Every structure is written in C-alpha cells, then in structure tokens.
Amino acid sequence: MKRATKETQIAVKLNIDGAGRSSVQTGIPFFDHMLTLFAMHAVVDLYLRCKGDLAVDAHHTVEDCGIALGQAFLRALGDKQGIRRYGTGFAPRNSLSGEAFVPMDECLVRCVVDFSGRPFLVWRGLDNLGFKKISTAERRQDMSSSFRFGLAREFFQGFANQGRCNLHIELLYGEEPHHVVEAMFKAFAKAVDFACQRDPRIVGLLPSTKGKL
C-alpha cells in the first residue's frame, strides 16, 4: 500500500504471517533500527520506504510511518475471524490480560494491545521524558537521544489510530534513551505477534460477542 501527502511519501508491504524479514528505509537510521527489530520480534515481513520532509524535522516521517503501518495491519487482518485479538508475550500465566513484558538491560516495558476496532493509546511512565529538551551535547552523543521519546509516542499514536486498536505502553523503569525506546518497540512487537496469531479453537469465528470488530 502507499500513502502520499505533501510531507511524506510512504510505501509499505506487510506479511503478518512472515518470518521476521525486513527492508526499511526512512532516512532516520535509529528509526530504521526500531522498525527492523519490530519486524523480527513480531515475526512479520516488512518492506517500508519513506521519503519525508526531514529538512523540517523527523516528526512527520515518524508519525506517518505509524499511520501507514497501522493501515497495513488493519488491511492484513481483514475480517479478523479466528485471531487471538489480544496480545500477550512474556506473561503466559496471565494470558487474559494480554501483557507483553520486555526487558532491555536496566529497562522494563509493558505493552498490551487489543485489535478491538476502537483506537486508543495509553502512554504511561514517560510523562517527564516525552518532551524533554535535548541539549546540544545529547544530540551529538547519539541518535537515540535526538530521536526523543515524544517521537516514539507519535508513532504509536498513529498506529493505534489507523490500526484501530487499544494500545497501552508503560515504562515500568529505565533511563538510557536507546534502551527505553528499544524495549518499547520490542514489547509492542511481542504483543502484536500474539494478537495477530490464529487461534485454532475459533476458526471462522469472530473473537467478540458483538459480532463485529
């Protein structure tokens, strides 16, 4: 699928029953790394190209890639018959809550997803970090510092809106910028992986008492 605006031109190919293969080029190397590891840990095949107005800043590119990827997932899930719907990763004893806990050194992130048809993002644990002013020294230090946590939030908001899912992401603890963002994308990947899997017990059935998602 393709998405084109005056700010970005994006092409996406997605196979949710993939093998973790990816080819990602957004013009933002750190973001490319996040999307590549997302594909690996969600076990999807992802091709994504984005040409954005990086001369302005990275905001439009990151947000619009979230929008395009959410649209691709919505299309790939189709009528959603037989899917697990709720995402779970590293908490198998608590499968009904749909939690994915992912550690990254000193960080721990929890992600919960529900492809319910109702878009909603809950973003917790990063209120003091989301729009933290980045110093010149931090910008020169590494790409993860200049990427900003606030940019990650824009990606997940765009995905939730267009993927029409409840998406809850919480940083339980952690500080190092690269680790925090990477743990978020990995937890997101594990939750999405489980939610998109087919449940052999409900083949041909919709996982909802409403009869529609």
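Our subject in this report is the structure included herewith. (Residues numbered from 1 in each chain as written. Predicted model: local features only at pLDDT ≥ 70, side-chain atom pairs only at ≥ 80, totals over all residues. Heavy atoms only, no water.)

1. Describing the nonpolar core
(1) Moving on: By size, the foremost hydrophobic cluster in this structure holds 59 residues, and its most contacted members are Phe38, Phe73, Phe115, Phe156, Leu167, Met184 and Phe185.
(2) Moving on: Ranked by residues supplied to this core, first place goes to helix H6 (residues 177-196) with 12 residues.
(3) Moving on: Among all residues touching phenylalanine 185, those that are not within four sequence positions of it are Phe31, Met34, Leu35, Leu37, Phe38, Phe155 and Phe156. (Core = buried A, V, L, I, M, F, W, Y, C linked by side-chain atoms within 4.5 Å. Buried < 20%, exposed > 50% of the residue type's maximum accessible area, 1.4 Å probe, protein only. Helix = DSSP H or I, 4+ residues; strand = E, 2+ residues; numbered from the N terminus. Contact = heavy atoms within 4.5 Å.)

2. Re the packing of aromatic side chains
Remark: the centre distance and the inter-plane angle together describe each pair of aromatic rings, the angle taken between the planes.
(1) Moving on: Across all of its chains, the model carries 12 aromatic pairs by this definition.
(2) Moving on: Taking the centre distance of 6.5 Å and the plane angle of 15 degrees together, the rings of phenylalanine 73 and phenylalanine 115 count as stacked. Taken together, the residues span a long stretch of sequence, with phenylalanine 73 in helix H2 (residues 59-77) and phenylalanine 115 in the loop between strand S6 (107-114) and strand S7 (120-124) at a distance of 42 residues. Accessibility assignment for this pair places phenylalanine 73 and phenylalanine 115 in one class, buried.
(3) Moving on: Measuring from centroid to centroid gives 6.3 Å for phenylalanine 155 and phenylalanine 188, while their planes differ by 85 degrees, and the two rings are edge-to-face. With phenylalanine 155 in helix H5 (residues 149-163) and phenylalanine 188 in helix H6, the pair connects residues that are 33 residues apart, well separated along the chain. Residue phenylalanine 155 shares its accessibility class with phenylalanine 188, and that shared class is buried.
(4) Moving on: The cationic tip of lysine 13 hangs over the ring face of tyrosine 47; the distance from NZ or CZ to the ring centre is 5.5 Å. (Phe/Tyr/Trp six-rings, centres within 6.5 Å; stacked < 30°, edge-to-face > 60°. Lys NZ or Arg CZ within 6 Å of the ring centre and 35° of its normal.)

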